[in-house]
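Analysis of the macromolecular model
The primary structure of each chain is shown beneath.
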Amino acid sequence: MSKRTVLNLKELKFHLTPDQVVTDSDLLTLYGQDWLKQWNGKAGAVVFPKSTEDVVHIVNWAKSHKISLIPSGGRTGLSGGATALKGELVVSFDKMNHLSDFNPVEQTVLVEPGVVTQTLQEFALERDCFFPVSFAAEGSSQIGGNIATNAGGVHVIRYGTMRQSVLGLEVVTGEGKVLNLGRGLIKNATGYNLMNLFIGSEGTLGFITKALIKLLSPPPKDPLVFLFSVENKSHIPKLYQHFKTQIAPMAFEMFTDKALNHVMESSDAVFPLENRSPFYILMEIEESDKEKAFDLFEKALNDNLLQDGTLSQNQTQARELWKFRENITESLSEHQPYKNDICVRTSVMVEFLDEVEECLKKQYPEFEVIWFGHIGDGNLHINILKPKNLEKDSFLKQCEKASAILFSLVKKYQGTISAEHGIGLLKKPYLNYTRSEEEIELMKKIKRVFDPDGILNPGKIFDL
Ligand code: 2HG
Ligand code: ZN
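This write-up is about the structure you can find in this document. (Residues numbered from 1 in each chain as written. Chains lettered and ligands numbered in written order. Predicted model: local features only at pLDDT ≥ 70, side-chain atom pairs only at ≥ 80, totals over all residues. Heavy atoms only, no water.)

The full count for this structure, using the stated rule, is 20 aromatic pairs. Geometrically, the ring pair formed by phenylalanine 102 and phenylalanine 123 is edge-to-face, given 6.0 Å between the ring centres and 80 degrees between the ring planes. Of the two residues, phenylalanine 102 is situated in strand β5 (residues 99–103) and phenylalanine 123 in helix α4 (residues 117–126); the sequence distance between them amounts to 21 residues. Seen in terms of ring centroids, phenylalanine 407 and tyrosine 430 are 5.1 Å apart; in terms of plane orientation they differ by 70 degrees. Their pairing is edge-to-face. With phenylalanine 407 in helix α14 (residues 392–412) and tyrosine 430 in the loop between α14 and α15 (437–450), the pair connects residues that are 23 residues apart, well separated along the chain. Side by side, phenylalanine 407 and tyrosine 430 carry an identical accessibility label, which is buried. Following the ring pairs from residue to residue traces out a cluster consisting of Phe226, Phe228, Phe243, Phe294 and Phe297. Sitting over the ring of phenylalanine 48, lysine 95 keeps its end group 5.3 Å from the ring centre. One residue, arginine 127, lies across the ring of phenylalanine 102, its end atom 5.8 Å from the ring centre. (Phe/Tyr/Trp six-rings, centres within 6.5 Å; stacked < 30°, edge-to-face > 60°. Helix = DSSP H or I, 4+ residues; strand = E, 2+ residues; numbered from the N terminus. Buried < 20%, exposed > 50% of the residue type's maximum accessible area, 1.4 Å probe, protein only. Lys NZ or Arg CZ within 6 Å of the ring centre and 35° of its normal.)

Structure follows, in structure tokens:
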């Protein structure tokens, strides 16, 4: 059993209003865990800052009392990065959710960390702009968490990860210092890029209190969705190449028939293709590319690269098609899946997939393994489902062994053990499969520079 911290909150409450510090048992559990609920997290208390000054006050209090702080956004992360294992103080950014200072010339907006991803997408559209970061949990994930994990999602092939949307950050370090980084400059040749260090640092170096976000324009007009069925896995990269040399798809997603089974079982959706197939591709394109995409589709069909396909005729149909891909995570949740979020270079993906498949089948024939992901950028989600009759603990132990095998292959193909969900707790034991000892040592040194007392999200990514 890990030792739980006892928090003396009297002094902390001094500069805050009563609604900003919460100790109700239900909320301690809610804010102590993330969506995955793989660990039994429970906060010692939850504090809701409303300003940068509040965050500085909380960090200074924590520093002087040697209290650990766990940052909390939408808690939709899938690696346990926002879990309070030892009764730490959870810092929720729910009340720091303002958008301001829209700059129509630069197309930037200043957001607080608690702004929900979808709110920012809508804010952008209302101003004829576009915020491209998009994924199934966008209705509850928060921008601060997206930055802290360098979130990816379905549009990375065209617009990049969260990092490409950040032009400035205000952060509070573990020493309670406020840093104003990036400042909206597109070019800046003045030494180390400190801002980039915070993107993907999972709240271990500082807490993000403001972000200057770059929007794009014009927004893609009425995107269309193609759904293809593909029989042969090795055709998938060929298909991607076939389309992307002529048009610029916004998304190129893959899911297997096994994944589709779960989505169909958990909804009353009607699958639009006549015959089922081992693999499906969902491709999103701009309306202006419709004719070209259709010609390319016909050519691919004649060349036997794909077996069948359908194209959305309106936005309602486009949304319906997206659901076959977006609802996978939700449909698997009752099976308490063990999550993998790996990435290899796209040119070796099929070879890598073949090896992984063979290996998992041989070692764990009794496990149902579900594949899907952002195949256009090499990011695959592999979910291992817990057999009903297997206890959670022994399932997790076996999955950990499976991870070691899987990650040896990731290492062999020089890929990464996490592409977009982060290391958190889930991947912590395996960090050395992707990062060298020298790199990990340097990361630890950097952590000590920004957080010398080790109070910011301790025990995530690595142990000091
Ligand atoms: C997605 O791409 C998310 O849908 C979740 O990253 C992946 O559930 C997963 O493993
Ligand atoms: Zn994903």
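That covers the picture; the talk isn't over yet.
So, on to the nonpolar core. Judged by nonpolar contacts, the single largest core of 61 residues is most densely connected at Phe243, Phe252 and Phe352. Residues contacting phenylalanine 252, with those up to four places away along its chain left out, are Ile157, Ile236, Leu239, Tyr240, Phe243, Ile281, Leu282, Met283, His374, Ile375 and Gly376. Grouped together as the second largest cluster of nonpolar side chains are 27 residues, Leu120, Leu181, Ile199 and Ile208 included. (Core = buried A, V, L, I, M, F, W, Y, C linked by side-chain atoms within 4.5 Å. Contact = heavy atoms within 4.5 Å.)

It is worth spelling out the pairing of strand β10 (residues 224–230) at this point. Of all the 7 residues making up β10, 7 are buried; the element is thus mostly covered by neighbouring parts of the structure. What you see with β10 is no split at all: Leu224, Phe226, Phe228 and Val230 on one side and Val225, Leu227 and Ser229 on the other are buried throughout. As paired strands, β10 and strand β12 (residues 279–285) are joined by 7 bridges and run antiparallel to one another. Each bridged residue has a counterpart across the sheet, and for valine 230 the counterpart in β12 is phenylalanine 279. Bridging between β10 and strand β13 (residues 308–311) involves 4 bridges; their strand directions are antiparallel. Paired with leucine 227 across the two strands is threonine 310, which belongs to β13. (Pairing = 2+ DSSP bridges.)

Right, let's talk about a negative patch on the surface for a bit. A cluster of acidic residues, Glu287, Glu291, Asp295 and Glu298, forms a negative patch on the protein surface. Turning to its location among the elements, glutamate 298 is positioned in helix α10 (residues 290–302). Overall, glutamate 298 belongs to the partly exposed group, its relative accessible area being 40%. (Patch = residues over 30% accessible without salt bridge, like charges linked within 9 Å, V, L, I, M, F, W, Y side chains within 5 Å. Areas by Shrake-Rupley, 256 points an atom, 1.4 Å probe, with all protein chains shown as cover. Salt bridge = Lys/Arg side-chain N within 4 Å of Asp/Glu carboxyl O. Lys, Arg positive; Asp, Glu negative; His and termini not counted. Charge placed at Lys NZ, Arg CZ, Asp CG, Glu CD.)

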